[in-house]
Amino acid sequence: MIITIQNFISHEEVAFWRHYVKFATMNPSSEVTLKKVVGDKETLTKVDRRYYSINSHFPLFSEVKRVAEENWKQKLKYSASYGQIMHYFGKSKGLEEHAEPNISTVSCSINLSMDHEYTGAKFEIKDANVKLPYRAAVFYDSSLLHSVSPLVSGEKLSMVVWLPGKDQKVRDYSWRAT
């Protein structure tokens, strides 16, 4: 399932999150690794973006959880460590195609940058036509393959929230910063 909601957050909320990253601490490595398994071969790929964990609960996360539970018709849980802000800058390669079924049931991505601030860095879900303009949110099954295209120019900020099922065991911690 994929649901896109235009104007999901206000201009004031975007301003808050953009200001937040000026004072937030990046994940310790400044990079995150992405585990990829092809056949019996496992590789770790570093992504070239700044990555900020949001380790406190904010009202926005309650709304993300409410919308996801209402549409997926199941109880979900939210932990403060499941909110992240991604900052793509320079000639970022974007993010390879991946999925997060081991850490989440529903994922949500929110675009915090105006379209004229960047070129590229398009959020994509395999075999789906997703448009994610400024202030929009896309909710999707965490098992769906998704990616971010390379950033051509400017900078892009986006927020990702992962919502595991109420009884889901988060088994794979390889998504954490290394």
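Residues numbered from 1 in each chain as written. Predicted model: local features only at pLDDT ≥ 70, side-chain atom pairs only at ≥ 80, totals over all residues. Heavy atoms only, no water.

### Things to note about the packing of aromatic side chains
Alright, step 1. A full pass over the atoms with the stated rule returns 10 aromatic pairs.
Alright, step 2. On the numbers, 5.1 Å between centres and 65° between planes, the contact of tryptophan 17 with tyrosine 20 is edge-to-face. Linking tryptophan 17 with tyrosine 20, this pair stays in helix 1 (residues 11-23), spanning 3 residues, or about one helical turn.
Alright, step 3. Aromatic side chains tryptophan 17 and phenylalanine 61 sit 5.9 Å apart centroid to centroid with 40° between the ring planes, which places their arrangement in the tilted category. With tryptophan 17 in helix 1 and phenylalanine 61 in helix 2 (residues 59-72), this residue pair connects regions lying 44 residues apart in the sequence. (Phe/Tyr/Trp six-rings, centres within 6.5 Å; stacked < 30°, edge-to-face > 60°. Helix = DSSP H or I, 4+ residues; strand = E, 2+ residues; numbered from the N terminus.)

### Structural notes on the sheet that holds strand 5 (residues 83-88)
Alright, step 1. Read from one edge to the other, the open sheet built from 6 strands follows the order 1-10-7-13-5-4, with strand pairing classed as antiparallel. Unpaired on one side and paired on the other, strand 1 (2-5) and strand 4 (50-54) mark the two borders of the sheet. Across the sheet, the axes of successive neighbouring strands diverge by a mean angle of 20°, strand direction being ignored.
Alright, step 2. By the bridge criterion, 5 bridges tie strand 4 to strand 5 in an arrangement that is antiparallel. (Pairing = 2+ DSSP bridges. Axes fitted to C-alpha atoms, helices over the stretch in contact; angles between N-to-C directions.)

### Points about the pattern of salt bridges
Alright, step 1. One pass over the structure, following the stated rule, counts 4 salt bridges.
Alright, step 2. In this structure, arginine 18 and glutamate 117 form a salt bridge, with 3.1 Å as the shortest nitrogen-oxygen distance. One end of the pair, arginine 18, is in helix 1; the other, glutamate 117, is in the loop between strand 7 (106-111) and strand 8 (118-120), with 99 residues separating them in the sequence.
Alright, step 3. Assessed through its relative accessible area of 27%, arginine 18 is described here as partly exposed. (Salt bridge = Lys/Arg side-chain N within 4 Å of Asp/Glu carboxyl O. Buried < 20%, exposed > 50% of the residue type's maximum accessible area, 1.4 Å probe, protein only.)

### Details of the side chain of serine 142
Alright, step 1. If you trace the backbone, serine 142 turns up in the loop between strand 10 (137-141) and strand 11 (146-148).
Alright, step 2. Of the residues examined, serine 142 reaches a relative accessible area of 0% and is grouped as buried.
Alright, step 3. Looking at serine 142, its side chain comes within polar contact range of the side chain of serine 104, at 2.9 Å.
Alright, step 4. Among the polar contacts listed, one links the side chain of serine 142 to the backbone nitrogen of valine 106, at a separation of 3.3 Å.
Alright, step 5. Ignoring anything within four residues of it in the chain, the contact list for serine 142 reads Ala99, Glu100, Pro101, Ser104, Thr105, Val106 and Ser107. (Polar contact = N/O pair within 3.5 Å; in protein donor to acceptor, adjacent residues only side chain to side chain. Contact = heavy atoms within 4.5 Å.)

### Brief notes about the environment of histidine 57
Alright, step 1. For histidine 57, the position within the fold is in the loop between strand 4 and helix 2.
Alright, step 2. Between the C-alpha atom of histidine 57 and that of tyrosine 78, which follows or precedes it by 21 residues, the distance is 8.9 Å.
Alright, step 3. A distance of 2.9 Å separates polar atoms of two side chains, one belonging to histidine 57 and the other to serine 62.

### Let's talk about unusual backbone geometry
Alright, step 1. Although it is not a glycine, asparagine 7 adopts a positive phi angle of roughly 50°.
Alright, step 2. Note on placement: asparagine 7 falls in the loop between strand 1 and helix 1.
Alright, step 3. In this structure asparagine 7 comes out as partly exposed when scored by relative accessible area, which is 49%.
Alright, step 4. Phi at lysine 73 takes a positive value of approximately 55°, unusual for a residue other than glycine.
Alright, step 5. Turning to its location among the elements, lysine 73 is positioned in the loop between helix 2 and strand 5.

### Thoughts on the confidence of the model for the protein chain
Alright, step 1. Of all residues in the protein chain, 83% attain a pLDDT of 70 or more, and the chain-wide mean is 84.
Alright, step 2. This stretch, residues 172-178, has a pLDDT under 50; its non-local contacts, to residues over four places away or in other chains, come to 21 contacts. (pLDDT = per-residue confidence, 0-100.)

### Brief notes about the sheet that holds strand 9 (residues 123-125)
Alright, step 1. Taken in spatial order, the 3 strands line up as 6-11-9 in an open sheet, and their pairing is antiparallel. Two strands bound the open sheet, and with one partner strand each, they are strand 6 (95-98) and strand 9. Between one strand axis and the next, the sheet turns by 15° as a mean value, whatever way the strands run.
Alright, step 2. One ladder, built from 3 bridges, connects strand 9 with strand 11; its direction is antiparallel. Opposite glutamate 124, over in strand 11, you have serine 147 as the bridge partner.

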